[in-house]
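Per-entry structural report
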Amino acid sequence: MGNEQDETDMLNTYFTNGAEIEISSDEEGFRGAWYEGTVIRPIPKKQRRNNNNNDDESSNNKLRVLVEYKTLMADKKGKNPLKETMSLVQLRPRPPPERRRRFKVSEEVDANYNDGWWEGVVMEVLDGGRYSVFFRGTRDQLEFDESQIRIHREWANGVWTPPFDEEGEEDEEEKLVSTEIKPNSEAAENFSAGSLVEVSSDEEGFEGAWFVATVVKLLDNGNYLVEYQNLRNSDDTEFLQEETDRLHVRPRPPDIGPFKSFKVLEEVDALHMDGWWVGVISKVLKGQRYKVYFKANNEELEFKHADIRLHLDWINGKWVRASQALKL
């Protein structure tokens, strides 16, 4: 009952009819982006059950909202805006406008691209107020004007992180500067046979996860043959071996020391289904346990402290943790 009341309060506060919002999607190719839109109206539970008799009870108990996109169209002619029914976790208010500012290398930003705001990291400050931005989801690096970039912020439980504070904007900028962490011993461009690495996959259902593996050999085409430490082949007779390209291989993250506790909205990797999955701490529980929210599949799971590590990105031969300053 409490969760239902919380959702109702959130709906009445931030997602009333006509409210300007941003919308995220779970569809492949659209994850990691926020699209501008407008709330049309909430969908009554009775109507949802009538429209889809196969919905389970938990799905019917979740508040859902009919929304209209501002930049995505339902037809090829571009005359009819796309309308969809979304859950509240896929919606957030439109961020308030910010003053123009300069961005720094390794700063986490949103870039206006392909009709949405995509999360990325500033890799290079260019001439003429332009920036080169790296997108971890697609591993693309593109150039943008200053006007096409904004500070990346997370919105949860009615709070923006980092907060909007006009008077303290300069102090806030300092907090957003990422820390570059020295490479570990395996941080070379070419991994040799026997190197311990982590491997990602673009297959549906595995986005946002890294699996520990060992390099078997470097192939003639420049790819690697790797053997996973925890994934087995279909016959379960031996560990899975697979060919993968350089874009999907990285060194093992460095040991940056133990952390007594993690904080809400802190970006972490959680050990789940034999891999490390990127998520965000959504709730701190008793007994050094945490709830972690995974944006890629819109799922929230509980983990013990030992199965969580700080999230780091491997970018241009350096380990980077955006939006947080690490004391090493």
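Provided above is the structure to which this section pertains.
Cut-offs used in this document
Residues numbered from 1 in each chain as written. Predicted model: local features only at pLDDT ≥ 70, side-chain atom pairs only at ≥ 80, totals over all residues. Heavy atoms only, no water. Core = buried A, V, L, I, M, F, W, Y, C linked by side-chain atoms within 4.5 Å. Buried < 20%, exposed > 50% of the residue type's maximum accessible area, 1.4 Å probe, protein only. Helix = DSSP H or I, 4+ residues; strand = E, 2+ residues; numbered from the N terminus. Contact = heavy atoms within 4.5 Å. Phe/Tyr/Trp six-rings, centres within 6.5 Å; stacked < 30°, edge-to-face > 60°. Lys NZ or Arg CZ within 6 Å of the ring centre and 35° of its normal.

Glancing now at the nonpolar core. Formed by 29 residues in total, the largest nonpolar core has its most connected members in Phe15 and Leu91. Those elements that provide at least two residues to this core are β1 (20-24), β2 (33-43), β3 (64-73), β6 (108-113), β7 (116-125), β8 (130-135) and β10 (149-151). Looking at this core element by element, the count peaks at 4 residues for β3. Leave out the neighbours within four places in its chain, and Leu91 touches Phe15, Ile21, Glu22, Ile23, Trp34, Val65, Val67, Met86 and Trp155.

Turning next to the packing of aromatic side chains. Summed over the entire model, instances satisfying the criterion amount to 17 aromatic pairs. When the ring of Tyr35 is compared with that of Trp118, the centres are 6.5 Å apart and the planes differ by 80 degrees; the resulting orientation is edge-to-face. Highlighted residues: Tyr35 in strand β2 and Trp118 in strand β7, separated in sequence by 83 residues. For Trp118, a relative accessible area of 11% puts it in the buried group. By the ring-pair criterion, three or more aromatic residues cluster together here, those being Tyr14, Phe15, Trp155 and Trp160. Its end group placed over the ring of Phe239, Arg232 keeps NZ or CZ at 4.6 Å from the ring centre. The residue whose ring lies beneath Arg309 is Trp276, and the NZ or CZ to ring-centre distance is 4.2 Å.

Bear in mind that shape data such as this cannot, by itself, settle questions of function.
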